[in-house]
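Examination of the molecular architecture
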Amino acid sequence: MSGSLVVVGTGIGAAQLTTEARVEIAGAEDVLFLVGDPISEQAVLTLAPHARSLAPCYGSDGPGPEAYERMVAAILEPVAAGRRVCAAFYGHPGVFVDPAGKAIARARALGSDARMLPAVSALDCLFADLGVDPAASGCQLYEAGDFVRRLPALETAAALVLWQVGVVESRAELVTALRRWYGPAHELVVYEASPYPGVGPVVDRMALDALDAAELTQRSTVYVPPLAAAR
Amino acid sequence: MVRRLLEWLRALFWGQEATMTLREFFVKLLEGDNLAEYYADRDAYIDRQQKEYGLNPGDGDLIRNGSLADIERTLLAEANSPGPKPYLIVWPPM
């Protein structure tokens, strides 16, 4: 018998868990999850008391390819045994979730049905909280470390979003990379979505040059507004 | 569930007030019509949790006025005893 896999996202906060994600979590024989806050964890466990956290897969070495490989293996084991499996990840499961896509590809290679359901990502929260519409000027998205390494050409008439700014190796290099395109006083926003209903997000507006010394967390995202209005 | 039962028994036999943790406050928000009531009148909802379920006034103030960082810090501190630990996820794309 062939098992199945549905990968869902829990949103940035548990209140953003979609109806279809709830149905999949509650109906699965095996649920494996990795979420970013204790409220979302409780929400998953309420729907599926037998759910198991994937957090132990991090081991002592933290995030990285080995940890993600262990997560994929943990998800696929019950799928290969013919069970109906749901894997739930923080945010949108297709955004910055390395094991989600790999698990789906490998489940399909096993001959199992596998699909992903969309969810609320940090980017969706950013558009809502900052009141910006990516359709107005266009929007470029880069992981901050990747941006510093590759130094891609930017379209400064479009907005720029940099993910994971808080864990970039050299903040000074990031500022230098941005200074290739923007002036030192260009205002940007350090943003962090709130997982808790009624609790505001972090929205710190500052000049580009102040980013070097800004207080950031692992979840900080930087939004750089366009230099000029789009045509 | 077990914890709430123990708190209720403690309150019944020893007169100790049951207390609602910050984590329990946010978990309870997801039940029934609580989120709608919270959004309709946040202060009244928080007051009710303090009076009826023993939400600490300090936690009530935190929910009303605290920053995201303050709230996360408190949840982390709570999680050092039996509850789950919050953890942040970083997904390097490389």
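Residues numbered from 1 in each chain as written. Chains lettered and ligands numbered in written order. Predicted model: local features only at pLDDT ≥ 70, side-chain atom pairs only at ≥ 80, totals over all residues. Heavy atoms only, no water.

1. Some points on the overall build of chain A
Looking only at helices and strands, chain A has eight helices and 10 strands in total. Its C-alpha radius of gyration of 19 Å places chain A within 12% of the 17 Å reference for a compact globule of 231 residues. A principal-axis box enclosing the C-alpha atoms of chain A has dimensions of 60 × 40 × 35 Å. The buried share of chain A, taken over its 231 residues, is 53%. Restricting to contacts in chain A with at least 6 residues of sequence separation, those with at least 24 account for 64%. On chain A, the mean spot of the 17 positive side-chain charges and the mean spot of the 26 negative ones are 4 Å from each other. (Helix = DSSP H or I, 4+ residues; strand = E, 2+ residues; numbered from the N terminus. Rg over C-alpha atoms; globule rule 2.2 N^0.38 Å. Buried < 20%, exposed > 50% of the residue type's maximum accessible area, 1.4 Å probe, protein only. Contact = heavy atoms within 4.5 Å. Lys, Arg positive; Asp, Glu negative; His and termini not counted. Charge placed at Lys NZ, Arg CZ, Asp CG, Glu CD.)

2. What to know about the nonpolar core
Residues and elements named next belong to chain A. The biggest cluster of nonpolar side chains holds 25 residues, and the ones touching the most others in it are Leu-5, Val-7, Leu-34, Leu-54, Met-71, Ile-75 and Phe-89. At the level of elements, strand 1 (4-9), strand 2 (30-34), helix 3 (65-80), strand 4 (84-89) and helix 4 (98-109) are the ones that each hand at least two residues to this core. Counting residues per element, this core draws most heavily on helix 3, which supplies eight residues. If near-sequence neighbours (up to four positions away) are discounted, Leu-54 is found in contact with Leu-32, Phe-33, Leu-34, Met-71, Ala-74, Ile-75 and Phe-89. (Core = buried A, V, L, I, M, F, W, Y, C linked by side-chain atoms within 4.5 Å.)

3. Regarding the sheet that holds strand 2 of chain A
Spatial strand order, 3-2-4-1-5 (chain A): five strands in an open sheet with parallel pairing. With partners counted over all chains shown, the strands left at the sheet margins are strand 3 (52-53) and strand 5 (113-116) of chain A, one partner each. (Pairing = 2+ DSSP bridges.)

4. Some details on the confidence of the model for chain B
Residues and elements named next belong to chain B. Chain-level pLDDT for chain B is 78 on average; 65% of the residues reach the 70-or-more range. Here helix 1 (residues 2-14) stands out as the least confident element of chain B, with mean pLDDT 55; helix 3 (residues 34-40) is the most confident, with 96. Long-range and interchain partners of residues 81-88, a stretch whose pLDDT sits below 50, account for 20 contacts in this model, where long-range means more than four residues apart. Reported for the predicted complex are a pTM of 0.87 and an ipTM of 0.84. (pLDDT = per-residue confidence, 0-100.)

5. So, the environment of Asp204(A)
All names here are of chain A. Note that Asp-204 resides in strand 9 (residues 202-207). Judged by relative accessible area, Asp-204 falls into the partly exposed class, the value being 34%. Separated by 176 residues in the primary sequence, Asp-204 and Ala-28 place their C-alpha atoms 41 Å from one another. Among all residues touching Asp-204, those that are not within four sequence positions of it are Leu-188, Val-189 and Val-190.

6. Some points on helix 5 (residues 57-65) of chain B
All names here are of chain B. Among all positions of helix 5, only Asp-59, Gly-60, Leu-62 and Ile-63 are buried. Angular distribution of buried residues about the axis of helix 5 spans 160°; they occupy a single face of the element. Away from the buried face of helix 5 by more than 90 degrees, exposed residues Pro-57 and Asn-65 are located. In the core, the buried residues of helix 5 are packed alongside helix 2 (22-29), helix 3, helix 4 (42-53) and helix 6 (68-79). With a side-chain oxygen lying 2.6 Å from the backbone nitrogen of Gly-58, the N-terminal cap of helix 5 falls on Asn-56. (Arc of directions from axis to C-beta. Polar contact = N/O pair within 3.5 Å; in protein donor to acceptor, adjacent residues only side chain to side chain.)

7. Considering unusual backbone geometry
All names here are of chain A. If you check the backbone angles, Leu-151 has positive phi at about 45° while not being a glycine. Checked against the element boundaries, Leu-151 lands in the loop between helix 7 (144-150) and strand 7 (159-163). At Gln-164, a residue that is not glycine, the phi angle is positive and equals roughly 55°. Positionally, Gln-164 belongs in the loop between strand 7 and helix 8 (171-179). By relative accessible area, which is 8% here, Gln-164 ends up buried.

8. A closer look at the packing of helix 2 of chain B against helix 6 of chain B
All names here are of chain B. At a closest axis distance of 9 Å, the pairing of helix 2 and helix 6 adopts a crossing angle of 110°. It follows from the interaxial angle that helix 2 and helix 6 lie roughly perpendicular. Contacts between helix 2 and helix 6 involve Leu-22, Arg-23 and Phe-26 on the former and, on the latter, Ile-71, Thr-74, Leu-75 and Glu-78. Looking at the contact of helix 2 with helix 6 residue by residue, the classes come out as four nonpolar, one polar and two charged. (Axes fitted to C-alpha atoms, helices over the stretch in contact; angles between N-to-C directions. Parallel < 35°, antiparallel > 145°, perpendicular 65-115°, else oblique. Nonpolar A, V, L, I, M, F, W, Y, C, P; charged D, E, K, R; others polar.)

9. Quick notes on the interface of chain B and chain A
Between chain B and chain A, the residue contacts involve 23 residues of the former and 40 residues of the latter. Here chain B is connected to chain A by one salt bridge. The salt bridge partner of Glu72(B) is Arg219(A), with a shortest N-O separation of 2.1 Å. There are five residue pairs in polar contact (both at pLDDT 80 or more) connecting chain B and chain A. Only helix 2, helix 3 and helix 6 of chain B provide two or more residues apiece to the side of chain B that touches chain A. Per-class residue counts for the side of chain B that touches chain A are 20 nonpolar, no polar and three charged. (Salt bridge = Lys/Arg side-chain N within 4 Å of Asp/Glu carboxyl O.)

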